[in-house]
Amino acid sequence: MNEVRPQLDELLFSSVENVLVESVETADMAVRVEALSTARQATCPGCGGQSGRIHGSYLRFPRDLPTGGKPVVVALRVRRFVCAESSCPRKTFVEQVPGLTRRFSRRTERLRSTLISVGLALAGRAGARMTGVFGAPASRNTLLRLIASLPDPPTATPRVVGVDEYAQRKGQIYGTVIVDVETRRPIDLLPDREADNLAVWLAERPGIEIVCRDRAPFFADGATRGAPQALQVADRWHLWHNLGEAAEKCVYQHRICLRPASEQPREPQEETEAASSSPWPTGHRFAERTRAKHATIHALLAAGHSKRSVARQLGMTLNTILRFSRVATPEEMFSGQWQNRPTRLDAYKPYLDQRWQEGCTNAWKLWEEIKEQGYPRGYAGVRVYVSRNLRGKPQPVGPRPPSARAVTRWLLTHPDALPEGDRIQLKAVLAN
């Protein structure tokens with residue numbers, strides 16, 4: 001065994017000093033390596049002094065890289081030393097084996113570095129699946145914690161930085177992300193979008209020559225105060241994004257031109273309009289009940305019954321029977337203080353009817369359009385008008401026109417990259 005130990009030390013701990021392998025046991029489920037530390041002195045983590053006074057020893061069981069498909073556990077005997085400095089708050093401390101252990105760690109340094117490499121390459125879930133394949137299982141949270149414990153890589157002062165906002169919680173909490181434009185790597189994250197914090201960050205790096213930002217006023221103020229020597233430019237993404245929004249807004253304003261010319265509606269619509277002008281149209285529960293009462297009362301009166309007799313038979317008051325008997329049609333009964341009152345929506349109803357005929361059947365979209373025109377009320381009135389008055393109207397027959405977003409995409413796409421079908425549709429739209 002004395003001849004084999006140097007070979008085991010060289011095989012198992014070739015890069016670690018002051019470790020002696022005593023035995024290696026192979027079981028069905030794991031490999032156990034018995035080892036001990038042979039260092040004569042250890043460094044106190046409190047005061048940094050060297051001490052050789054041994055207080056005691058105990059076993060640590062850090063996991064190591066698997067071998068032969070089996071997990072490896074190192075039974076490492078470490079010693080507790082007595083600190084020689086009387087002023088040190090630590091009376092005793094445990095030795096750490098450089099390259100093998102660290103404080104509170106249950107893994108060897110080489111297993112730790114391997115897991116970090118897997119986490120950096122595959123991130124959480126995929127990395128966790130890979131660690132189970134080669135026999136060192138670790139959860140995704142463990143891999144992410146190991147990555148988070150790494151020190152930030154050193155970065156040189158960038159020459160061109162990009163400044164933009166990012167959402168920690170969309171619509172509520174926003175921060176600032178700073179990117180090195182030349183290397184396309186993020187440099188820092190600021191906790192908010194305040195101009196003061198950005199100005200301080202830029203002032204600490206006087207080598208910045210160009211600040212690439214969007215048009216937010218707080219970014220402009222921070223860049224002006226923090227890097228007055230730098231040239232401020234708008235980044236390409238925001239320029240293209242703003243151009244796309246402007247083009248889509250322009251196309252949407254000319255949305256009538258997107259629908260091909262259709263035949264004018266036929267004249268016999270006056271009856272429909274007259275029927276729809278009734279405050280209680282066909283199908284309304286109050287209208288149907290009033291029509292039924294009117295028909296029943298007039299039928300009984302025509303049969304020779306008196307008005308008092310009709311009132312007794314139907315369980316109504318005499319005044320109700322008199323009111324129904326005086327009108328020739330039930331529509332004359334459709335009255336009340338809430339009927340036929342002018343509303344704020346009356347001025348916008350022709351526009352709603354026109355948009356409905358153009359194919360816009362979304363009540364929320366219609367409300368947004370008239371709200372831009374000055375409609376002061378909420379969405380409920382538009383929804384009621386659409387459901388009662390417009391849902392039954394026939395839609396224009398013909399191919400569905402392209403959306404404003406689709407036309408915008410055609411306009412912003414290079415002609416050589418535009419398919420032939422989209423190119424033909426774009427020509428027709430521009431001709432209209």
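Please read these numbers as outputs of a predicted model, since none were measured by experiment.

Turning our attention to the overall build of the chain. Regarding its fold elements, the chain presents 16 helices and 13 strands. Counted over contacts in the chain with a minimum sequence separation of 6, partners at least 24 positions apart contribute 46%.

The interhelical angle for the contact between helix α15 (residues 404-412) and helix α16 (residues 420-431), taken along N-to-C directions, is 105°, at an axis separation of 10 Å. Regarding the angle of α15 to α16, the classification is roughly perpendicular. Contacts between α15 and α16 involve V407, R409, W410 and L411 on the former and, on the latter, D422, Q425, L426, V429 and L430. Looking at the contact of α15 with α16 residue by residue, the classes come out as 6 nonpolar, 1 polar and 2 charged.

On to helix α3 (residues 124-133). Among the residues of α3, those classed as buried are G124, G127, A128 and T131. Down the axis of α3, the buried set is contained in an arc of 105°. They therefore lie on one face. In α3, those exposed residues whose orientation departs by more than 90 degrees from the buried face are R125, R129 and V133. On its buried face, α3 sits against α2 (109-122) and α4 (140-148). Once α3 finishes, G135 follows within two positions and takes phi at roughly 90°, a positive value.

Glancing now at a nonpolar patch on the surface. Nonpolar side chains collect at one region of the surface, where L122, M130 and V133 lie side by side and expose about 270 Å² of accessible area between them. Here L122 lies in helix α2. Relative accessible area serves as the criterion here: at 37%, L122 is assigned to the partly exposed category.

Of the positions making up α4, those classed as buried are T142, L143 and L146. Buried residues of α4, seen end-on, are gathered within an arc of 100° and therefore sit on one face of the element. Counted as exposed and oriented over 90 degrees from the buried face of α4: R145 and A148. In this fold, the buried residues of α4 make contact with α2 and α3.

Now for the confidence of the model for the chain. Here the chain shows a mean pLDDT of 84. Residues at 70 or above account for 88%. Mean pLDDT values over the elements of the chain span from 47, in helix α8 (residues 270-276), up to 93, in α4. Confidence drops under a pLDDT of 50 for residues 263-272, and excluding neighbours within four residues, the segment shows 0 contacts in the predicted structure.

The rules behind each value
- Residues numbered from 1 in each chain as written.
- Predicted model: local features only at pLDDT ≥ 70, side-chain atom pairs only at ≥ 80, totals over all residues.
- Heavy atoms only, no water.
- Helix = DSSP H or I, 4+ residues; strand = E, 2+ residues; numbered from the N terminus.
- Contact = heavy atoms within 4.5 Å.
- Axes fitted to C-alpha atoms, helices over the stretch in contact; angles between N-to-C directions.
- Parallel < 35°, antiparallel > 145°, perpendicular 65-115°, else oblique.
- Nonpolar A, V, L, I, M, F, W, Y, C, P; charged D, E, K, R; others polar.
- Buried < 20%, exposed > 50% of the residue type's maximum accessible area, 1.4 Å probe, protein only.
- Arc of directions from axis to C-beta.
- Patch = residues over 30% accessible without salt bridge, like charges linked within 9 Å, V, L, I, M, F, W, Y side chains within 5 Å.
- Areas by Shrake-Rupley, 256 points an atom, 1.4 Å probe, with all protein chains shown as cover.
- Salt bridge = Lys/Arg side-chain N within 4 Å of Asp/Glu carboxyl O.
- pLDDT = per-residue confidence, 0-100.

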